[in-house]
Amino acid sequence: MNEKIRVLIVDDSASVRTTLSDIISADPDLEVMATAADPYVAVERIRQEVPDVMFLDIELPRMDGITFLRKIMSQRPIPVVICSSLAQDGSDAFMQALEAGAVDVVAKPRVDTAQFLQESRMRICDAAKAAAHAKMRGLAKASPELRAPDVKVEAKLTADAIIPPISDARRESLIARLPVTEPIVAIGASTGGTEALREVLEALPADAPPILIVQHMPEKFTTAFARRLDASCAVRVKEAEDGDLVQPGQVLIAPGNLHMLLVRNGARYTVSIKEGPHISRHRPSVDVLFRSTAQAAGRNAMGIILTGMGDDGARGLLEMRQMGSPTIAQDEASCVVFGMPKEAIARGGAGRTLPLSKMAGEIVAHARAATSGAKT
């Protein structure tokens, strides 16, 4: 299983095709199979050789990217990563692409500074590897040669860089003195998470407990994501802002490129939005949200980790469980990518494993039990 992940790049900009090709080719686990300036050229490339992953722009000549995506998904599903700048204009087009079957979304690479270029490299290469491991409709019986090779996990910063860990002694002290407050739910997701979150949130009643979400997604894309969910859910959904009050019936989604932490003030909670380094190769990071939730809310909170590649959230979910929080991992059968839940289970962070279809009911049951317990 030493074969590289083969990538097809579809973008009408020659400079973008060149930059993406340079970024992808520099990763030892990836190779550029071909590039195409429009969907018709891309189809000819796919007829010659099926890629493991396709990077696709939305605005393309001769046929728009979403129409092309729908045709591909109906005929020969391929893991597709949307690579677009449309979200900068507040467009919902990328959400339509995710609903059409794309597994992830990344912003077009930024080359204006060395730091932005490095961050673009990391996000693009990680997205390619995650997409290659995604389970696609119609590929359940894919032959071994079509399965993505294993990839190594590179060194990364932990949540220690944002919020200090606590000692065992302090943990015991916090558990003993944390007051009973309203129940809170913290959720982390990555590849495949946009549709998974939509399924969970649309099934919740308007009086659902407060929910905090980290979905790995680029800056500004989270604004359109939250707006789209708000229009289809009974709960209110918004991109989180620093100081937002955590309250029932509301979902706060961490803004892309910023970390979100839970903060307790007496019996009330707010969120803190912070800059900082990538944690577990992500910003926002699930580990940061989970650790802050463990320390601020303890057993008052529930932790849920959904589909995604890598191990972001595995340590934090264990910390939540150690503080008395009920913790759940999405099961393999319902995951697009079983990486993050698998790591959380392996580390002992998941108290239970459930299919995606049962998550909303579990959230409601947790809130009712917590509220009932607080009154007794």
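About the cut-offs
- Residues numbered from 1 in each chain as written.
- Predicted model: local features only at pLDDT ≥ 70, side-chain atom pairs only at ≥ 80, totals over all residues.
- Heavy atoms only, no water.
- Axes fitted to C-alpha atoms, helices over the stretch in contact; angles between N-to-C directions.
- Helix = DSSP H or I, 4+ residues; strand = E, 2+ residues; numbered from the N terminus.
- Parallel < 35°, antiparallel > 145°, perpendicular 65-115°, else oblique.
- Left-handed = near helix turned anticlockwise from the far one by under 90°.
- Contact = heavy atoms within 4.5 Å.
- Nonpolar A, V, L, I, M, F, W, Y, C, P; charged D, E, K, R; others polar.
- Buried < 20%, exposed > 50% of the residue type's maximum accessible area, 1.4 Å probe, protein only.
- Pairing = 2+ DSSP bridges.
- Right-handed = clockwise from strand over helix to strand, strands pointing away.
- Arc of directions from axis to C-beta.
- Polar contact = N/O pair within 3.5 Å; in protein donor to acceptor, adjacent residues only side chain to side chain.
- Salt bridge = Lys/Arg side-chain N within 4 Å of Asp/Glu carboxyl O.
- pLDDT = per-residue confidence, 0-100.

Undergrad: So, the packing of helix H7 (residues 193-202) against helix H8 (residues 221-232): which residues are in play, and what are the values?
TA: The interhelical angle for the contact between H7 and H8, taken along N-to-C directions, is 30°, at an axis separation of 10 Å. With respect to H8, the element H7 is oriented roughly parallel. The chirality of how H7 crosses H8 is right-handed. Contact with H7, carried on its side by Thr194, Leu197, Arg198, Leu201 and Glu202, involves Phe225, Leu229 and Ser232 of H8 and no other residues of that element. For the contact of H7 with H8, the per-class residue count stands at four nonpolar, two polar and two charged.

Undergrad: Outline the pairing of strand S7 (residues 211-215), listing residues and values.
TA: The element S7 is extensively covered by neighbouring structure, given that five of its five residues are classed as buried. The side-chain alternation of S7 yields two buried faces, one formed by Ile211, Ile213 and Gln215 and the other by Leu212 and Val214. Relative to S7, strand S6 (residues 184-189) runs parallel, the two sharing five bridges. Along S7, the bridge assignment pairs alanine 189 with glutamine 215. Taking the sense of rotation as the criterion, the β-α-β connection linking S6, H7 and S7 turns out right-handed.

Undergrad: Tell me about the sheet that holds strand S14 (residues 352-354), and please be specific about residues and values.
TA: The pairing of strands in a sheet comes from backbone hydrogen bonds and takes either a parallel or an antiparallel form. Reading across the sheet, the seven strands line up as S8-S9-S7-S6-S12-S13-S14 and stay open at both edges, with parallel pairing between neighbours. The strands lining the two open edges of the sheet, one partner per strand, are strand S8 (236-239) and S14. Shown here is a sheet whose adjacent strand axes are inclined to one another by a mean of 20°, direction ignored. Relative to the sheet, helix H9 (residues 286-297) contacts S6, S7 and strand S12 (301-305), its axis offset from that of S6 by approximately 165°.

Undergrad: Describe unusual backbone geometry, with residues and values.
TA: Proline 284 follows arginine 283 through a cis peptide bond whose omega is 10°. With respect to the secondary-structure elements, proline 284 resides in the loop between strand S11 (268-274) and H9. If you check the backbone angles, asparagine 257 has positive phi at about 75° while not being a glycine. Mapped onto the fold, asparagine 257 is located in the loop between strand S9 (250-253) and strand S10 (259-265). For arginine 281, which is not glycine, the phi dihedral falls at a positive 70°. The class of arginine 281 is buried, set by a relative accessible area of 17%.

Undergrad: Any details on helix H2 (residues 39-48)? Residues and values, ideally.
TA: Burial in H2 covers these residues: Pro39, Ala42 and Ile46. Within H2, the buried residues cover an arc of 50° as seen down the axis, which keeps them to one side. Opposite the packed face of H2, turned more than 90 degrees from it, sit the exposed residues Arg47 and Gln48. Considering only its buried residues, H2 is in contact with strand S1 (5-10), strand S2 (30-36), strand S3 (53-56) and helix H3 (65-75). The N-terminus of H2 is capped by aspartate 38, whose side-chain oxygen sits 2.8 Å from the backbone nitrogen of tyrosine 40.

Undergrad: I'd like a rundown of the pattern of salt bridges, residues and numbers included.
TA: Pairing of side chains with opposite charge becomes possible as their charged atoms draw close. This structure, assessed with the given rule, holds 24 salt bridges. Glutamate 119 is the salt-bridge partner of arginine 283, the closest N and O atoms lying 3.1 Å from each other. Here arginine 283, found in the loop between S11 and H9, pairs with glutamate 119, found in helix H5 (residues 114-132); they are 164 residues apart in sequence, far enough to count as distant. Here the two residues arginine 283 and glutamate 119 agree in accessibility, since each one is buried. Via salt bridges that share partners, Asp287, Asp311, Arg315, Glu343 and Arg347 belong to a single interconnected network.

Undergrad: Give me the lowdown on the confidence of the model for the protein, citing residues and values where you can.
TA: Residues with a pLDDT of 70 or more make up 91% of the protein, whose mean pLDDT is 90. Residue range residues 138-153 is modelled with pLDDT below 50. Its contacts to residues more than four positions away, or to other chains, number 25 contacts.

Undergrad: I'd like to hear about the pairing of S9, residue by residue, with values.
TA: Because side chains alternate across S9, one face comprises the buried residues Gln250 and Leu252, and the other comprises Val251 and Ile253, equally buried. Note: S7 against S9, three bridges, orientation parallel. Bridge pairing in S9 places isoleucine 213 opposite isoleucine 253. Sheet topology note: the S8/S9 ladder contains four bridges and is parallel.

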